[in-house]
Amino acid sequence: MKSISINPFVAALFVTIALPLAARQDPPKLPDPGPGPTMAETKAWLESDGVAFMSGATELIQFPGSSILTVMTKEEQNLKLENCSLTWVGHITTKRTVSGKPDEIDNSVTTYEMPMKVVDVAAVQVVPRGPANDPSGFNVNVPIRAALGPTITYKSSRDNEPKKQAGAGFEVRTEADGGRIAAAIKRAAILCGAPKGSF
């Protein structure tokens with residue numbers, strides 16, 4: 001029987017080509033998000049109307065028996081939804097009023113980054129702020145799935161040190177505004193692969 005010789009160069013070339021092809025796999029398919037706005041539509045709304053609803057919320061704080069009145073005005077800016085990551089910049093202006101003294105005004109800026117696929121979709125909700133605060137204000141609470149731990153990155157202008165937290169909150173003026181923001185955040189999270197249930 002005639003023997004067949006294999007050129008070592010050809011064999012090496014075959015292995016070089018075949019190995020990446022064998023290792024290459026299709027990316028996992030995301031679960032069906034169901035009917036609703038597309039990612040492009042959700043992104044466009046959050047970056048325009050959505051962030052506008054998050055601006056101008058005022059929180060009044062005065063503890064019983066205290067002469068100090070603190071007014072905090074919060075505004076979210078530069079909100080972007082890119083590559084299934086929500087980023088924004090939070091501006092807080094704090095004014096402290098004490099009888100007989102000039103007002104103290106302090107400004108702080110915090111940047112945030114939240115991967116949408118880690119959002120606990122079922123737990124996103126709109127809740128009224130506490131009785132000590134502006135009664136007309138509401139919070140949109142966006143928690144992260146408990147099993148994942150703190151995954152939202154934030155950095156404050158006060159210490160400039162990146163930290164992690166396990167949830168985000170957006171202050172709004174009305175419950176209706178909060179409901180629309182909550183719905184858009186849930187939709188974006190589901191489109192990015194977050195489970196619809198709390199697990």
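The written sequence of each chain sets the order in which its residues are numbered from 1. Residue-level local features of this predicted model are given only where pLDDT is at least 70; pairs of side-chain atoms are given and counted only at 80 or more, and the full residue set underlies all totals for whole chains, interfaces and linings. Calculated side-chain values reflect all of the structure's heavy atoms, with hydrogen atoms and water omitted.

Regarding the layout of surface pockets
Taken as a whole, the largest pocket encloses approximately 290 Å³ of empty space. In terms of lining, the largest pocket is formed by 19 residues, of which the most central are Lys74, Glu76, Ile92, Tyr112 and Gly169. Those elements that place two or more of their residues in the lining of the largest pocket are strand S2 (68-82), strand S3 (85-98), strand S4 (104-115), strand S7 (152-156) and strand S9 (167-172). In terms of residue count, the dominant contributor to the lining of the largest pocket is S9 (5 residues). Gly counts as polar in this scheme, as do all residues outside two lists: the nonpolar Ala, Val, Leu, Ile, Met, Phe, Trp, Tyr, Cys and Pro, and the charged Asp, Glu, Lys and Arg. Tallied by class, the residues present in the lining of the largest pocket amount to 6 nonpolar, 9 polar and 4 charged. Detection works on a 1 Å grid of protein atoms alone, calling trapped sets that fit a 1.4 Å probe cavities and calling open sets with protein on both sides within 12 Å along at least five of seven lines pockets, with lining residues defined by an atom within 4 Å of a point. Grid points are joined across faces, edges and corners, and a volume is the space filled by probe spheres set on the points. Secondary structure is summarised from DSSP: a helix means a run of H or I of at least four residues, a strand means a run of E of at least two, and numbering begins at the N terminus for each.

Thoughts on the pairing of S2
Pairing between two strands requires that DSSP report at least two bridges joining them. Sheet topology places S2 next to S3; 13 bridges connect them, and they run antiparallel. Residue pairing in the sheet places Lys80 in a bridge with Thr87 of S3.

A few points about the packing of aromatic side chains
Any two rings among Phe, Tyr and Trp, with Trp reduced to its six-membered ring, count as a pair given centres within 6.5 Å; such a pair is stacked if its planes are under 30 degrees apart, edge-to-face if over 60, and tilted if neither. What the rule picks out here adds up to 4 aromatic pairs. Between Trp45 and Phe53 the ring centres are 6.0 Å apart and the planes differ by 55°, which places this aromatic pair in the tilted class. With respect to class, Trp45 is no different from Phe53; both count as buried. By way of ring pairs, the aromatic residues Trp88, Tyr112, Tyr154 and Phe170 are connected into one cluster. Exposure categories follow from relative accessible area, calculated using a 1.4 Å probe and restricted to protein chains: below 20% of the type maximum is buried, above 50% is exposed, and the middle band is partly exposed.

Structural notes on the environment of Ala168
Position of Ala168 relative to the elements: it lies in strand S9. On the basis of relative accessible area, Ala168 is assigned to the buried category, the value being 10%. Distance in space between the C-alpha atoms of Ala168 and Pro143 is 6.3 Å, their sequence separation being 25 residues. Each residue touching Ala168, except ones within four places of it in the same chain, is listed here: Trp88, Met114, Val140, Asn141, Val142 and Ile152. Every residue pair with non-hydrogen atoms within 4.5 Å of one another is taken to be in contact.

A short note on helix H3 (residues 175-191)
An α-helical segment advances 3.6 residues per turn. Residues three or four places apart therefore align on the same side. Expected helix span is computed as 1.5 Å times (number of residues minus one). With 17 residues, H3 should cover 24 Å at 1.5 Å per step; its first-to-last C-alpha distance of 24 Å lies within 8% of that length. Within H3, the full set of buried residues consists of Asp177, Gly178, Ile181, Ala182, Ala184, Ile185, Arg187, Ala188, Ala189, Ile190 and Leu191. In this structure, the buried side of H3 is in contact with helix H2 (39-53), S2, strand S5 (125-128), strand S6 (138-143) and S9. In the segment just after H3, Gly193 is the residue with positive phi, at about 105°.

Re the state of the cysteines
Disulfides are defined in this document as cysteine sulfur pairs within 2.5 Å. Considering all chains together, one arrives at 1 disulfide under this definition. Note on cysteine connectivity: Cys84 is disulfide-linked to Cys192, with sulfurs 2.1 Å apart. Its S-S torsion of approximately -95° makes the covalent link between Cys84 and Cys192 left-handed. Here the residue Cys84 occupies a position in the loop between S2 and S3, and Cys192 occupies one in the segment after H3, the gap between them amounting to 108 residues. Residue classification places Cys84 among the partly exposed residues on the basis of a relative accessible area of 31%.

A short note on the confidence of the model for the chain
Looking at any residue, its pLDDT shows the predictor's confidence there, from 0 to 100. Summing up the model confidence of the chain, the mean pLDDT is 81 and the portion of residues at 70 or higher is 77%. The model gives residues 6-23 a pLDDT under 50, and that stretch makes 2 contacts with residues more than four places away or in other chains.

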